[in-house]
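Each chain, letter by letter, is given below.
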Amino acid sequence: MSEKMKEYIEEAEKALLHTYNRYQIVLDKGDGVYLYDIDGKKYLDFVSGIAVFALGYNNKSYNDALKGQIDKLLHTSNYYYNVPAIEAAKKLKEVSGMDRVFFTNSGAEAIEGAIKAARKYAFLKDGKNDHEIIAMNHSFHGRTFGALSVTGNPHYREAFEPMIGNIRFADLNDFDSVLSCVNEKTCAILLETVQGEGGIFPASRQFLESIRKLCDERDILLILDEIQCGMGRTGYMYAWQRYNVKPDIMTTAKALGCGVPVGAFLLNEKTAQNSLVAGDHGTTYGGNPFACAAINKVLDLFKQDNIIENVNEVAPYLEKRLDELKDKYDFIIDRRGLGLLQGLVFDRPVGDIINSALEKGLILINAGAQIIRFVPPLVITKENVDDMILILDTVLSAV
Ligand SMILES: *Cc1c(COP(=O)(O)O)cnc(C)c1O
């Protein structure tokens, strides 16, 4: 590491609040599936800023679209209409099959909006303020108070109690555990279609179908968090489309902006007509022309560059190569995931493995202490997979 990089890292540790144990590199630029640090060292990136940069770095068409919008209009206010937001909403409806869009600046904010919409829906039905939401153990929905309250990781919540209240936790893929939480106060069931942060656990078809049926019978809203698993990552635009289990409310973010901070929650017409109205919810920046120019271009490029087709082509190969590693090393217990959202489960902490890979020019990330998570740009090729496996195999053979 250069003296210059050391100095930057020291400065960062003095100036930034220490809420992350950061890897010891200062990143400078990106190109395709590669990142470069300020010393010019090249890294193959299998993280994409945690499932964000789906299109690869330095995509000219995307960059030009952003530059064009900067020269035109960066921000207005949601009190006026703007063309990029109108177009982005239309395209997002088209790819999701949902009916109404509210743009946010982040995933957590999309969750906040979804929770508010669900509570308002129930409030309009019976005028009461005691409604409950069922969320899942091991879930992750973000760090703001509403999102944290439905995050199924007690360690993240403990120091910040009290939470928003009236949240019950059930187990993913255990329908009986959900049933035992349901009562007349239940207004929504919230889950990630594929749990990301909590350890790469896909919801089963049967579980999703049972939940959908339960929600229909009891007029409970189904909220699916597609912030990490959505946007083509599992081989469908949204992971629930694989099962055809449609939510009443859906959240999306991360790859939606491919680097520009955006999110959205989407509602079906029934929920939209019976929940949030003027004055109930708002945002200064959400859905501004710049953010929506990014969403527009991302959705155009997904179509134009056949991004989802590429996921479906490369993902089985990634699974196969990861399975080979699992068979080769005793200390790898499992491989699970969907599409280009994969996890290798170890019988030990993976921090040292990730650090060694980084030294050898491969960027990986964990999901929990013992799982390596693979969330590469969706434009990766089989050759990129081979390059990744070669480095990881070298690292693992030294464990
Ligand atoms: C990242 C993530 C969030 C939070 O999104 P932020 O943009 O970090 O607020 C919520 N849900 C899931 C499933 C996520 O992966």
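Here the structure is shown first, and the text comes after it.
Computed from a predicted model, the values in this text were never measured in an experiment.

Focus on the site of the ligand
Neighbouring the ligand are Ser106, Gly107, Ala108, Phe140, His141, Gly142, Glu192, Asp225, Ile227, Gln228 and Lys254. A distance of 3.2 Å separates a nitrogen atom of the ligand from a polar backbone atom of phenylalanine 140. Interatomic distance of 2.6 Å between a side-chain N/O atom of lysine 254 and an oxygen atom of the ligand. Burial of the ligand by the protein amounts to 81% of the accessible area it has alone, namely 380 Å². Broken down by class, the residue content of the shell around the ligand amounts to 3 nonpolar, 5 polar and 3 charged.

Some points on the sheet that holds strand E12 (residues 263-267)
Sheet strands associate in pairs through backbone hydrogen bonding, adopting either a parallel or an antiparallel arrangement. Strand order across the open sheet formed by 7 strands is E4-E12-E11-E10-E7-E5-E6, with mixed pairing between neighbours. Every other strand in the sheet has two partners, leaving strand E4 (100-104) and strand E6 (167-170) as the edge strands with one partner each. Along the sheet, successive strands turn relative to each other by an average axial angle of 20°, direction set aside. Strand direction decides the pairing type here: E4 and E12, joined by 5 bridges, are antiparallel. Bridge pairing in E12 places phenylalanine 103 opposite alanine 264.

Remarks on the sheet that holds strand E1 (residues 27-31)
Strands sit in the order E1-E2-E3-E15 across an open sheet of 4 strands; the sheet is mixed. Each edge of the sheet is formed by a strand with only one pairing partner; in this case those strands are E1 and strand E15 (362-363).

Re the packing of aromatic side chains
Scanning the entire structure with this criterion turns up 6 aromatic pairs. Seen from their ring centres, phenylalanine 53 and tyrosine 57 are 4.7 Å apart, and the 45° between their planes marks the pair as tilted. An identical accessibility class is assigned to phenylalanine 53 and tyrosine 57; each is buried. Judged by centre distance (6.0 Å) and plane angle (85°), the ring pair of phenylalanine 140 and tyrosine 156 falls under edge-to-face. You can see phenylalanine 140 sitting in the loop between strand E5 (132-136) and helix H6 (145-149) and its partner tyrosine 156 sitting in helix H7 (residues 154-157), a full 16 residues away along the chain. By relative accessible area, which is 16% here, phenylalanine 140 ends up buried. Taken together, Phe53, Tyr57 and Tyr62 form an aromatic cluster joined through their ring pairs.

Remarks on the packing of helix H3 (residues 60-72) against helix H11 (residues 289-304)
Packed helix pairs are specified by the crossing angle of their axes together with the interaxial distance, meaning the distance between the axes. Running from N to C, H3 and H11 cross one another at 155°; their axes reach a closest spacing of 9 Å. As far as their axial angle goes, H11 and H3 are roughly antiparallel. Crossing hand, H3 versus H11: right-handed. Each of Ser61, Tyr62, Ala65, Leu66, Gln69 and Ile70 in H3 lies in contact with H11, whose residues at this interface are Pro289, Phe290, Ala293, Ala294, Lys297, Val298 and Leu301.

A few points about the side chain of aspartate 225
Looking at the element boundaries, aspartate 225 is found in strand E10 (residues 221-225). We note that aspartate 225 is buried and unpaired, the nearest opposite charge coming from lysine 254 at a distance of 7.3 Å. A distance of 2.7 Å separates a polar atom in the side chain of aspartate 225 from a polar atom in the side chain of histidine 141. Within the local environment of aspartate 225, its side chain forms a polar contact with the side chain of threonine 251, the two groups lying 3.1 Å apart. Apart from residues lying up to four places away in sequence, aspartate 225 is in contact with Ile111, Phe140, His141, Leu190, Leu191, Glu192, Thr193 and Thr251.

Concerning the packing of helix H13 (residues 351-359) against helix H14 (residues 382-397)
Running from amino to carboxyl end, H13 crosses H14 at an angle of 130°, the nearest separation of the two axes being 9 Å. Judged by the inter-axis angle, H13 sits oblique to H14. Relative to H14, H13 is oriented so that their crossing is right-handed. Taking contact as the criterion, the partners of Ile353, Ser356 and Ala357 in H13 are, on H14, Ile391, Leu392, Val395 and Leu396. Here the residues of the contact of H13 with H14 are counted per class, giving 6 nonpolar, 1 polar and no charged.

Quick notes on the pattern of salt bridges
Scanning the entire structure with this criterion turns up 22 salt bridges. The closest approach of N and O atoms between glutamate 269 and arginine 100, which form a salt bridge, is 3.0 Å. In this pair, glutamate 269 sits in helix H10 (residues 269-273) while arginine 100 sits in strand E4, placing the two residues 169 residues apart along the sequence. We classify glutamate 269 as partly exposed; its relative accessible area is 28%. The exposure class of arginine 100 is partly exposed, given its relative accessible area of 41%. Ionic pairing is found between glutamate 132 and arginine 168, a salt bridge with its closest N-O pair at 2.6 Å. Within this pair, whereas glutamate 132 is found in strand E5, its partner arginine 168 is found in strand E6, the two being separated by 36 residues in sequence. Salt bridges sharing common partners tie together Lys320, Arg321, Glu324 and Asp386.

Some remarks on the pairing of strand E11 (residues 249-252)
By the alternation rule, side chains of E11 split into Ile249 and Thr251 and Met250 and Thr252, which are all buried. Sheet topology note: the E10/E11 ladder contains 3 bridges and is parallel. What sits directly across from leucine 224, in E11, is methionine 250. With 4 bridges joining them, E11 and E12 adopt antiparallel strand pairing. Of the residues in E12, the one forming a bridge with threonine 252 is alanine 264.

Cut-offs applied
Residues numbered from 1 in each chain as written. Predicted model: local features only at pLDDT ≥ 70, side-chain atom pairs only at ≥ 80, totals over all residues. Heavy atoms only, no water. Near = heavy atom within 4 Å. Polar contact = N/O pair within 3.5 Å; in protein donor to acceptor, adjacent residues only side chain to side chain. Areas by Shrake-Rupley, 256 points an atom, 1.4 Å probe, with all protein chains shown as cover. Nonpolar A, V, L, I, M, F, W, Y, C, P; charged D, E, K, R; others polar. Pairing = 2+ DSSP bridges. Helix = DSSP H or I, 4+ residues; strand = E, 2+ residues; numbered from the N terminus. Axes fitted to C-alpha atoms, helices over the stretch in contact; angles between N-to-C directions. Phe/Tyr/Trp six-rings, centres within 6.5 Å; stacked < 30°, edge-to-face > 60°. Buried < 20%, exposed > 50% of the residue type's maximum accessible area, 1.4 Å probe, protein only. Parallel < 35°, antiparallel > 145°, perpendicular 65-115°, else oblique. Left-handed = near helix turned anticlockwise from the far one by under 90°. Contact = heavy atoms within 4.5 Å. Lys, Arg positive; Asp, Glu negative; His and termini not counted. Salt bridge = Lys/Arg side-chain N within 4 Å of Asp/Glu carboxyl O.

By themselves, these are just geometric observations and shouldn't be taken as functional.
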